[in-house]
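# Commentary on secondary and tertiary structure
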Amino acid sequence: MSILEKIKLRPLVEGKAPKDTTVVVAMSGGVDSSVCTALLHKLGYNVIGITLQLWDYTPASEAASGENKKFGTCCALDDVYDARRVCQTIGVPHYVLNYESEFKEAVVDDFVETYLAGATPIPCVRCNQRIKFDSFMDKAKELGADILVTGHYIRKDHDGDGKAILRRGLDRKKDQSYFLFTTTQEQLDFSDFPLGQLTKDETRELAEELGLHVAGKKDSQDICFVPGGDYRKVVRKYAPDAVKGGNLVSEAGEVLGQHDGILGYTVGQRKGLGGGFGVPMYVVEIRANTREVVLGPKESLAKSTFTVKELDWVDRAIAIDGKQVIAQVRYAHEGNEAIIKDLGEGRVEVTMLSPAYQISPGQAAVFYDGDRMLGGGWIEVPESAKIKVQIEM
């Protein structure tokens, strides 16, 4: 039996047959969203593909010389091309929307500010929150669509009252609920995630069955506007005057050495710190106001209590004060049992029942009840380490 024959998708819109349902698929050009597009088309839905152009890779030399600007270059163009080719192959419409300026303001500037504040950003979450979902939903409704579909590995379900909720994808290794904690109830009601019940291997097998040219395409590992992973270059480009050196210090304040900018460090880092300390040392704190990078032994990374700001709850009716949850503090973290205390104004205090390592300011803390994702927020930078920065526009 083929993987296609094994899949039993419930109707995307209750009470409507596939032939009467218009679906917009958010297409990145990768295998996941491409499979969603081809699968739903094969099942008889009226499918429309939409791709967002978020970043222009035109080399500075071309821009300066006044050459005709291409609509994205490098992998950006490849991804748009792949999405368009999939749609052309199966015979469905495809639209490309340019959101470069909005993306720069809402995501790239935040990325730079967060690093300069001594924290470690997650631009993909900001992009989902501030750009992608709203943009896709607006265009989908403009086109008369009944529902928006994405290729995320997450499951949409309903609670006992019939309210839409989010659960982890069945493939724990690919589960992407951590990146979607900002999803609103309105967005969830209008969205679905067909791949949440599959593993990545099953998705690639399905891509082969559907005859998609992207079946073997590698998953992107880089942030879209940081090709090659050199995020320091991005920060220096937009805030050259804010990148200044400082001291590497011990937890007791002893100067251990110098660094050429705090943006080169993140909490939990061990590589690149040099040697001669007697014991392995890690970055345990970044003090942006004094430009100090604090080093300490591994045990100093263990924390039980921290605060989280800008909370987003999928279901705002849930009583959170004193609630016991599973708190996941980075994408690769399995999660620790924790108690959350409501501090008001969109903030909570999180107390882990067992210490966790590498609780890094700027990362997300996402809360679960079993496999149900409740919501989350941003791990706060300690007040003593905060600094205001000015971004060069």
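Residues numbered from 1 in each chain as written. Predicted model: local features only at pLDDT ≥ 70, side-chain atom pairs only at ≥ 80, totals over all residues. Heavy atoms only, no water.

### Concerning the overall build of the protein chain
When its secondary structure is counted, the protein chain shows nine helices and 17 strands. In summary, the protein chain has a C-alpha radius of gyration of 22 Å against a globular reference of 21 Å for 393 residues, a match within 12%. In terms of its C-alpha atoms, the protein chain occupies a principal-axis envelope of roughly 70 × 60 × 40 Å. Pairs at least 24 residues apart make up 66% of the contacts formed inside the protein chain by residues separated by at least 6 positions. (Helix = DSSP H or I, 4+ residues; strand = E, 2+ residues; numbered from the N terminus. Rg over C-alpha atoms; globule rule 2.2 N^0.38 Å. Contact = heavy atoms within 4.5 Å.)

### A word on the nonpolar core
Membership of the largest hydrophobic core comes to 51 residues, with the highest contact counts inside it found for F103, F111, L148, F225 and V235. Elements with a minimum of two residues in this core: β1 (22-26), β2 (46-53), α5 (100-116), α6 (123-142), β6 (164-168), α9 (231-238), β16 (364-369) and β17 (372-379). Residues in contact with F103, not counting those within four places in the same chain, are L54, W55, V108, C127, I131, C224 and F225. Counting residues in each nonpolar core, the second largest holds 31 residues, with I7, V25, L39 and L210 among its members. (Core = buried A, V, L, I, M, F, W, Y, C linked by side-chain atoms within 4.5 Å. Buried < 20%, exposed > 50% of the residue type's maximum accessible area, 1.4 Å probe, protein only.)

### Looking at the environment of P194
Mapped onto the elements of the fold, P194 is located in the loop between β7 (191-192) and α8 (200-209). Residue P194 is classed as buried on the basis of its relative accessible area, which comes to 7%. The spacing of P194 and V149 is 45 residues in sequence and 7.6 Å in space, taken between C-alpha atoms. Setting aside residues up to four positions removed in sequence, P194 forms contacts with L9, C36, V149 and T150.

### Some thoughts on the sheet that holds strand β9 (residues 255-259)
Spatially, the four strands line up as an open sheet ordered β9-β8-β11-β10, and their pairing is mixed. Two strands bound the open sheet, and with one partner strand each, they are β9 and β10 (282-287). Each strand of the sheet is rotated relative to its neighbour by a mean of 30°, with strand direction disregarded. Of the strand pairs in this sheet, strand β8 (residues 246-250) and β9 are connected by four bridges, and their pairing is antiparallel. Looking at the pairing, N247 lines up with Q258 of β9. (Pairing = 2+ DSSP bridges. Axes fitted to C-alpha atoms, helices over the stretch in contact; angles between N-to-C directions.)

### Quick word on the sheet that holds β2
Overall, parallel pairing links the five strands, which are arranged β3-β2-β1-β4-β7 in an open sheet. Only two strands of the sheet have a single neighbouring strand rather than two, namely β3 (94-98) and β7. Sheet analysis places β1 next to strand β4 (residues 147-149), joined by three bridges and oriented parallel. Its bridge partner lying in β4, V23 is registered against I147. Set on the sheet, helix α2 (residues 31-42) makes contact with β1, β2 and β4; between it and β1 the angle comes to about 165°. Contacts between α6 and the sheet are confined to β1, β2, β3, β4 and β7, with β2 contributing the most and set at about 140° to the helix.

### Side note on the pairing of β16
Of all six residues in β16, five are buried; the element is thus mostly enclosed. Bridge analysis of strand β13 (residues 323-328) against β16 gives three bridges, and the strand direction is antiparallel. By the bridge assignment for β16, Q328 is matched with V366. Note: β16 against β17, six bridges, orientation antiparallel. Bridging across to β17, A364 finds its partner in W378.

### Observations regarding the packing of α5 against α6
Where α5 meets α6, the closest approach of the two axes is 10 Å, and the angle between their N-to-C directions is 145°. Along this stretch, α5 crosses α6, giving a crossing that reads as right-handed. Facing E102, F103, A106, V107, D110 and F111 of α5, the residues of α6 in contact are P123, R126, C127, R130 and I131. Its residues placed into classes, the contact of α5 with α6 shows seven nonpolar, no polar and four charged. (Left-handed = near helix turned anticlockwise from the far one by under 90°. Nonpolar A, V, L, I, M, F, W, Y, C, P; charged D, E, K, R; others polar.)

### Describing the packing of aromatic side chains
If you walk through the whole model with that rule in mind, you get eleven aromatic pairs. A centroid spacing of 5.0 Å and a plane angle of 90° characterise the contact between F111 and F225, whose relative ring orientation is edge-to-face. Of this pair, F111 sits in helix α5 while F225 is found in the loop between α8 and α9, placing the two residues 114 residues apart along the sequence. Considered together, F111 and F225 belong to a single accessibility category, that of buried residues. Summarising the aromatic geometry, the rings of F179 and Y331 are spaced 4.8 Å apart at their centres and angled 40° between planes, so their arrangement reads as tilted. Here Y331 lies in the loop between β13 and β14 (336-344) and F179 lies in the loop between β6 and α7 (185-189), a separation of 152 residues in the sequence. Judged by its relative accessible area of 34%, Y331 falls in the partly exposed class. The positively charged end of K141 is found above the aromatic ring belonging to F190, 5.1 Å away from the centroid. For R168, the ring lying beneath its charged end belongs to Y368, and the centroid distance is 3.6 Å. (Phe/Tyr/Trp six-rings, centres within 6.5 Å; stacked < 30°, edge-to-face > 60°. Lys NZ or Arg CZ within 6 Å of the ring centre and 35° of its normal.)

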